[in-house]
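Chains, contacts and geometry: an overview
Here's the letter readout for the chains.
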Amino acid sequence: MGRQMCELCKDRRAALIRPRNRQQLCQQCFFVAFENEIHKTIVDNRLFKPGERVAIAASGGKDSTVLAHVLTELNRRHNYGLDLFLLSIDEGITGYRDDSLETVKRNEIQYGIPLEVLSYKALYGWSMDEIVREIGRKNNCTFCGVFRRQALDRGAAKVKADKMATGHNADDIAETVLLNIIRGDIARLSRCTAIITGEEGALPRCKPFNLGNLDCLFTYAYYKKLDYFSTECTYSPNAYRGYAREFIKDLESIRPRAILDIIKSGESFRFALTTKMPEQGTCEKCGYISSQKWCKACVLLDGLNRGLPRLGIGRTRGKSSSATGIQTDNSCSDKQTSIRNDKRILKPSLDF
Amino acid sequence: MACDSATCGSSSCGSQEACCAPQKKPTGSQLVFCVKCKEGVVARVVANQSEPMCLGCLHASLLSKFKTAINNHSLVTPSDNVLLAFSGGPASRVALEFLREIRSKAQSDKDASRDHRSGLTVFGLGVVFVNEATVLQVSSADAQLVEDKISSIVCTGSPRLETLHIARLEDVFKNELSQRLRALLESVQDMTGREDLIEYLRMQVLQQVAKEHGYTKLVLGLCTTRIAARVLAATAKGQGYSLPADIQYLDSRWPVPVVLPLRDCVTRELVLHCHVANLDTVFIRNLSTMADRSSSINNLAHTFVTSLQEENASREYTIARTAAKLMPFSFNYSECPSTYLANRRRKDLLATNITPMNNKEMSSSSGSEVLCPVCSSPLDMLDYCNSDTDRVSLEENGRHIDEEDLEYCGGSDRGIHSFTHQSIAFQTVFCASCRFQILPDVHTKGIQTYELLPGSMRERAQKQFKDKYSWMRHQIEDLLIEEDGAESQT
Amino acid sequence: MQLTLEFGGGLELLFGSKKKHQVDVSPSNGHIELTVEALLVWIRDNLLKERPEMFMKDKSVRPGVLVLINDSDWELCGRLEGVLEDKDTVTFISTLHGG
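It should be emphasised that the depicted structure is a prediction, and the values quoted were computed from it without experimental measurement.

Reading guide: rules and limits
- Residues numbered from 1 in each chain as written.
- Chains lettered and ligands numbered in written order.
- Predicted model: local features only at pLDDT ≥ 70, side-chain atom pairs only at ≥ 80, totals over all residues.
- Heavy atoms only, no water.
- Pairing = 2+ DSSP bridges.
- Helix = DSSP H or I, 4+ residues; strand = E, 2+ residues; numbered from the N terminus.
- Contact = heavy atoms within 4.5 Å.
- Axes fitted to C-alpha atoms, helices over the stretch in contact; angles between N-to-C directions.
- Core = buried A, V, L, I, M, F, W, Y, C linked by side-chain atoms within 4.5 Å.
- Buried < 20%, exposed > 50% of the residue type's maximum accessible area, 1.4 Å probe, protein only.
- Buried area = accessible area lost by both parts, 1.4 Å probe.
- Salt bridge = Lys/Arg side-chain N within 4 Å of Asp/Glu carboxyl O.
- Polar contact = N/O pair within 3.5 Å; in protein donor to acceptor, adjacent residues only side chain to side chain.
- Nonpolar A, V, L, I, M, F, W, Y, C, P; charged D, E, K, R; others polar.
- Expected span 1.5 Å × (residues − 1).
- Phe/Tyr/Trp six-rings, centres within 6.5 Å; stacked < 30°, edge-to-face > 60°.

All right, on to the sheet that holds strand E7 (residues 196-197) of chain A then. Residue and element names in this part refer to chain A. Spatial ordering of the open sheet is given by E5-E4-E3-E6-E8-E7, a layout of 6 strands whose pairing is mixed. Among the strands making up the open sheet, the edge pair consists of strand E5 (115-119) and E7. As judged from the 2 bridges shared by E7 and strand E8 (residues 205-206), these two strands associate in the antiparallel manner. Bridge pairing links Ile-196 to Cys-206 in E8. Across the sheet, helix H3 (residues 97-111) touches strand E4 (83-90) and E5, and the angle it forms with E4 is around 170 degrees. The sheet strands contacting helix H6 (residues 140-158) are strand E3 (53-57), E4, E5, strand E6 (163-165) and E8, and the helix crosses E4 at an angle near 135 degrees.

Quick look at the structure:
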């Protein structure tokens, strides 16, 4: 079969087919189309204002690398007037974060924007390696997720950012949608597909990638020969997060578009007006937004520092043992805690 | 079994337990006692996630959930004539048992009070089984065997025999054409799409039977576990908008409203109850029997929920509860703003075959929804009115759409390409999910599948297409005027 | 020891479509008692006709398979560690099919 000409310029040969609309495009037109779509998302949703200092959450992975590349490019091309910089979190995971941080450091030079690195160790006094040594490999995902969420906010505040842009990819968002359904987190479920979050109180975050262009991230990174790092975290995920990933992987293998469909579903969920959303307050300990007395990170940290690291993780299954009345070691540690009678802190909800 | 009598309350079940259960002690560990009776009755199962229970209390707990659902949401009233969709599996088997129990209780109440009040009525009960043997191409002898087994279950052990209707999936076509059913299913390449289409066709058959015999409610055995799997599967199919429609206690978008009294019961407990109470079930092969877990999205989602259950016994409840917070549709509420309106609507529906909602003026009234002609799920108006494909067809087309173009969807044999734009617009009368998994490409396979759909579905599609086009034409006219105005300003 | 094994809910398809099996199982070498875990291994090696993944996962039954020992939930009998006795009936029912 002879190669088609690019549907846009009708001049060069088509190099790829866009999954979304089956459009056959040449490389150049694809780049322009993709960048214009992100530009449109930014303009239509008024994601940025001139003069803002914007932190690009950079993990060194494909998505944040594309984001950094495109934002720098668009900022220059369309005179957004943004003060962009890369913000990286060093969880302190040997063999995982070391390598990806190297990538981010190269990005700093490639895109000519400054890089700020903040470590868990500096922010919380514990690196992930140390936490895993303390609690084992079972629930470390909970710690990392909670700490990372806050670390980006704390880091951005520390370096006086007005806003943060994150390059969530489709898999991440789909996984978040599923996890929020599975654990019944209505509040997060209703906002996890939103393009701008945290406008009230917390540092605003935005996701310039949306449904329409997520399918092209990989293609874009590939053809632009972007320098990114891809590896899995060296620690195993929580059981149910593991199942969710397996589910998504299986779905993708029988129907690739299922991932985008999950996000689409997440976007079209409408919650009944009678549904109570938890009230947003601030943590009494650190001042971070929290619907509880203490934010999740402070509860976890408190447990770590007092040698009760499983505090706040919630009960483990204890299937047969709870049925027969045998106590799990977890319920014992709950009893010893000094935060008495505060069920809200001890409730088994997990943070993303 | 004696302890299945309707009166088994938690206080009295201890003695019944002792009389009917062969007390062979569970092996190994020490005895665990029922948390409900507290009379030293030995527990036999673990229910409600972690509570050891005796068999009487398991029965009482399930029956109470069933009754609460029925009473709180008026799913069945004394004047109803109820049709139970029976699959032979444990959920619908338990539903059959419970409906019998409630009915015989109501009957004896009525008999007892005959002297005092005369107006007391007891709901009617019928059972329907839809044989899907044609789908699997099994021999007619095997198909007959399944029907015999179903008959033996339904027609024995009951004080008063219910009517049993046996239908076949191909009954959805006017002349019972199993060839056509096979051709239709084979034309759908996507396995998930094929499974879902079977479900949609089954509902059409159930509705046909219910309507024909004057039933007023259709009971499905959809339980919490199935609902949880359904929620995740629907999410993965992009059906987030319409998902709440299918998982409520009541769904009156059909000519005969559908009710789900088992909505708060989990598979595990239903299966346990069937086993220990000697309720006969029959295992019937279907498309996904013995299939790999990744044969379809539905299968994957169910396996996923089951794995999650291992890790945390309350996951299926949590998932179902999350989905219950999603906004239901007007047809999911039992109390309509005006019962008169509701009645009138029902009459309209009955008059126009299986056309769930009449939408003369779409998107105008808040109450009525436009439904997908194939799966009957409510269409997301944002998708429906502003989809890209529509815009393409409008921008490039620009010309008036004549009535003759509409013949396209009536199955005329004219060439396909001359209708490209209409066909794109036509596709959007279906929901995005059906478009993808059942009618994937209108230029090739989709046409064939469409032609093979039951007449009722195609009639609905045609009607919706006409409505939509007249609505779109209206919109275009509005747009043109606006654009003129804008130009004159600059 | 003599055991009665029952398979239901579609699991029987893995065992030659036979629902009830009378079997004679003895504890493996060096063991005095027969645990459910050991029985599962025995079933996999001696009785299962096809598709072991439809019946087992790792050392246990596949999620969604209910196990009853003498009509009591295995959750109450120590699950895999439960010890079987002569003339016991062990029932396996799949919950993965049908509603």
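If you look at the biggest cluster of nonpolar residues, it comprises 92 residues, and the most contacted ones within it are Leu-197, Ile-319, Val-374 and Phe-430 of chain B. Ranked by the residues each element gives to this core, the list is headed by helix H7 (residues 191-212) of chain B, at 9 residues. Listed in part, the 52 residues of the second largest apolar core include Val-82, Phe-123 and Leu-279 of chain B together with Leu-68 of chain C.

Moving on to the pairing of strand E9 (residues 88-94) of chain C. Residue and element names in this part refer to chain C. Judged by how many residues are buried, E9 sits mostly within the fold: 6 of 7 residues are covered. As paired elements, strand E1 (residues 2-8) and E9 share 6 bridges and run parallel to each other. Looking across to E9, one finds that Thr-4 is bridged to Thr-89.

Moving on, we come to unusual backbone geometry. Its identity as a non-glycine residue notwithstanding, Ser-74 of chain B has a phi of 45 degrees, on the positive side. Here Ser-74 of chain B is to be found in the loop between helix H2 (55-72) and strand E3 (81-85). For Ser-74 of chain B, a relative accessible area of 39% corresponds to the partly exposed category. Backbone geometry places Asp-71 of chain C, a non-glycine residue, at a positive phi of 65 degrees. Its place among the elements puts Asp-71 of chain C in the loop between strand E6 (65-69) and strand E7 (72-73). Here Asp-71 of chain C falls in the partly exposed class, since its relative accessible area comes to 28%.

All right, on to the interface of chain B and chain A then. If you look at the interface, chain B gives 47 residues, while chain A gives 38 residues. Buried area between chain B and chain A, summed over both chains or domains, comes out near 3600 Å², and the portion from carbon and sulfur atoms is 63%. The largest contributions to the chain B side of the interface with chain A come from Phe-304, Lys-325 and Met-327 of chain B, which together make up 16% of the buried area. Across the pair Asp-190 of chain B and Arg-255 of chain A runs a salt bridge, and its minimum N-O distance is 2.9 Å. The interface formed by chain B and chain A contains 9 residue pairs in polar contact (both at pLDDT 80 or more). Looking at the side of chain B that touches chain A, the elements that each hand over two or more residues are H7, helix H8 (224-236), helix H10 (297-311), helix H11 (315-324) and helix H16 (432-437) of chain B. Broken down by element, the residue count for the side of chain B that touches chain A peaks at 9 residues, all from H10 of chain B. Its residues placed into classes, the side of chain B that touches chain A shows 21 nonpolar, 16 polar and 10 charged.

This paragraph deals with helix H2 (residues 62-77) of chain A. All names here are of chain A. Across its 16 residues, H2 extends 22 Å between first and last C-alpha, which sits within 8% of the 22 Å expected from 1.5 Å per residue. Summarising burial for H2: 12 of the 16 residues are buried, a large majority. Those residues of H2 not exposed but buried are Asp-63, Ser-64, Thr-65, Val-66, Leu-67, Ala-68, His-69, Val-70, Leu-71, Thr-72, Leu-74 and Asn-75. Buried residues along H2 sit in contact with helix H1 (27-44), E3, E4, H3, E6 and helix H10 (217-223). Phi turns positive, to about 50 degrees, at Asn-79, one or two residues after H2.

Turning our attention to the packing of aromatic side chains. Taken as a whole and assessed by the stated rule, the structure comprises 21 aromatic pairs over all chains. For the pair Phe-66 of chain B and Phe-98 of chain B, a centre-to-centre distance of 5.3 Å together with 70 degrees between the ring planes defines the contact as edge-to-face. You can see Phe-66 of chain B sitting in helix H2 and its partner Phe-98 of chain B sitting in helix H3 (residues 90-112), a full 32 residues away along the chain. With respect to burial, Phe-66 of chain B and Phe-98 of chain B carry one shared label: buried. Taken together, a centroid distance of 6.1 Å and an interplanar angle of 70 degrees make the contact between Phe-7 of chain C and Phe-55 of chain C edge-to-face. Note that Phe-7 of chain C is positioned in strand E1 and Phe-55 of chain C in the loop between helix H1 (36-46) and strand E4 (56-57), a separation of 48 residues in sequence.

Let's shift gears to H7 of chain B. Turn by turn, an α-helix covers 3.6 residues, leaving residues three or four places apart pointing in a common direction. Residues and elements named next belong to chain B. If you check H7, its first and last C-alpha atoms are 32 Å apart, about what 22 residues at 1.5 Å a residue would give, namely 32 Å. Taken across its 22 residues, H7 has 16 buried, putting it largely inside the fold. Structurally, the start of H7 carries an N-cap: the backbone nitrogen of Thr-192 is 2.9 Å from a side-chain oxygen of Asp-190. Once H7 finishes, Gly-214 follows within two positions and takes phi at roughly 70 degrees, a positive value.

Residues in a regular strand project their side chains so that they alternate between the two faces of the sheet. Residues and elements named next belong to chain C. Of all the 7 residues making up E1, 6 are buried; the element is thus mostly covered by neighbouring parts of the structure. In the sheet, E1 pairs with strand E2 (residues 20-24) via 5 bridges, with the strands oriented antiparallel. Its bridge partner being in E2, Leu-5 is matched across the sheet by His-21.

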